[in-house]
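Examination of the molecular architecture
Below are the chains, spelled out letter by letter.
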Amino acid sequence: MKDGDENEQVRELQARLRQLDLFDRAPTGFYGSITGKSVAAFQKRRGLPVTSTVDAATWELLLSLTKEPTADELKPSTTNKLDTPDPRCTTGRVLCISKESRTLAWMIDGKVVSSFDVRFGSENTPTREGEFKVEWKAREWTSTIYHTPMPYSMFFSRGQAVHYSADFAARGYAGASHGCVNVRDRAKLAALFDQVKPGDKVVVHW
């Protein structure tokens with residue numbers, strides 16, 4: 001495999017490099033400069049000739065040091081990589097929200113059931129950190145302060161909620177919320193909304 005290749009083997013290569021913390025994004029299946037640098041780092045670490053391309057020796061060694069990627073590793077549900085869960089997220093039913101990795105992990109008894117990219121409030125309207133509970137839910141809701149739609153809202157701290165954001169879906173991290181936790185995958189959030197119950201724990205942490 002080399003620069004310019006685009007296929008499922010490249011996707012597997014990237015997923016395996018990611019297991020070794022040598023590839024820090026979601027696999028794309030395209031072998032570009034970032035993949036080349038990751039391969040070179042692997043080769044240097046393991047004492048192989050540093051070519052930035054994958055020959056038989058490089059591939060065989062990588063196979064021996066990693067496990068076969070799961071479907072979620074090959075095509076992750078989040079663009080951002082989940083970080084180590086906060087200790088408060090390891091028991092019970094928890095929406096574990098990391099400001100560091102900009103992710104939400106729905107966890108039950110310490111296992112990640114599903115995960116999402118999220119964004120937070122601006123400097124002037126920050127998302128509160130701490131341990132909360134889902135107070136109430138609304139499938140359809142419009143902000144009474146900002147008059148913007150907030151579908152699939154799960155309120156956890158006064159007016160702050162996890163909810164779908166069309167703006168986040170369109171603009172990504174170029175914008176910010178007014179303190180809520182925005183999700184951009186509407187279909188997946190709809191499924192999560194049906195699973196989460198009032199009283200479930202919410203942890204917002206760095």
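About the cut-offs
Residues numbered from 1 in each chain as written. Predicted model: local features only at pLDDT ≥ 70, side-chain atom pairs only at ≥ 80, totals over all residues. Heavy atoms only, no water. Helix = DSSP H or I, 4+ residues; strand = E, 2+ residues; numbered from the N terminus. Buried < 20%, exposed > 50% of the residue type's maximum accessible area, 1.4 Å probe, protein only. Contact = heavy atoms within 4.5 Å. Phe/Tyr/Trp six-rings, centres within 6.5 Å; stacked < 30°, edge-to-face > 60°. Polar contact = N/O pair within 3.5 Å; in protein donor to acceptor, adjacent residues only side chain to side chain. pLDDT = per-residue confidence, 0-100.

1. Topic: the overall build of the protein chain
- Helix and strand counts for the protein chain stand at six helices and nine strands.
- Seen along its three principal axes, the alpha-carbon backbone of the protein chain occupies a region of about 60 × 35 × 30 Å.
- The buried share of the protein chain, reckoned over its 206 residues, is 46%.
- The contacts in the protein chain between residues at least 6 apart in sequence include a share of 53% that link residues at least 24 apart.

2. Here's the deal with the packing of aromatic side chains
- For the structure on display, the rule yields six aromatic pairs.
- Between Phe-132 and Phe-156, the aromatic rings sit 5.3 Å apart at their centres with planes inclined by 55 degrees, giving tilted as the arrangement. Taken as a pair, Phe-132 in strand β4 (residues 130-133) and Phe-156 in strand β6 (residues 153-157) lie far apart in primary sequence, 24 residues in all. Grouping residues by exposure puts Phe-132 and Phe-156 together as buried.

3. Things to note about unusual backbone geometry
- A positive phi is found at Asp-21, a non-glycine position, where the angle reads about 60 degrees.
- Counting through the fold element by element, Asp-21 comes out in the loop between α1 (8-19) and α2 (33-45).
- One non-glycine residue, Arg-158, adopts positive backbone phi at about 50 degrees.
- Mapped onto the secondary structure, Arg-158 falls in the loop between β6 and β7 (160-164).

4. Notes on the side chain of Ser-98
- With respect to the element layout, Ser-98 can be found in strand β1 (residues 93-98).
- A distance of 3.1 Å separates a polar atom in the side chain of Ser-98 from the backbone nitrogen of Ser-101.
- Once residues lying within four places of it in the same chain are set aside, the contact partners of Ser-98 are Asp-83, Thr-103, Phe-120 and His-205.

5. Quick word on the confidence of the model for the protein chain
- This prediction gives the protein chain a mean pLDDT of 92; 100% of its residues lie at or above 70.
- Per-element averaging of pLDDT across the protein chain places helix α4 (residues 71-74) at the bottom with 83 and β4 at the top with 98.

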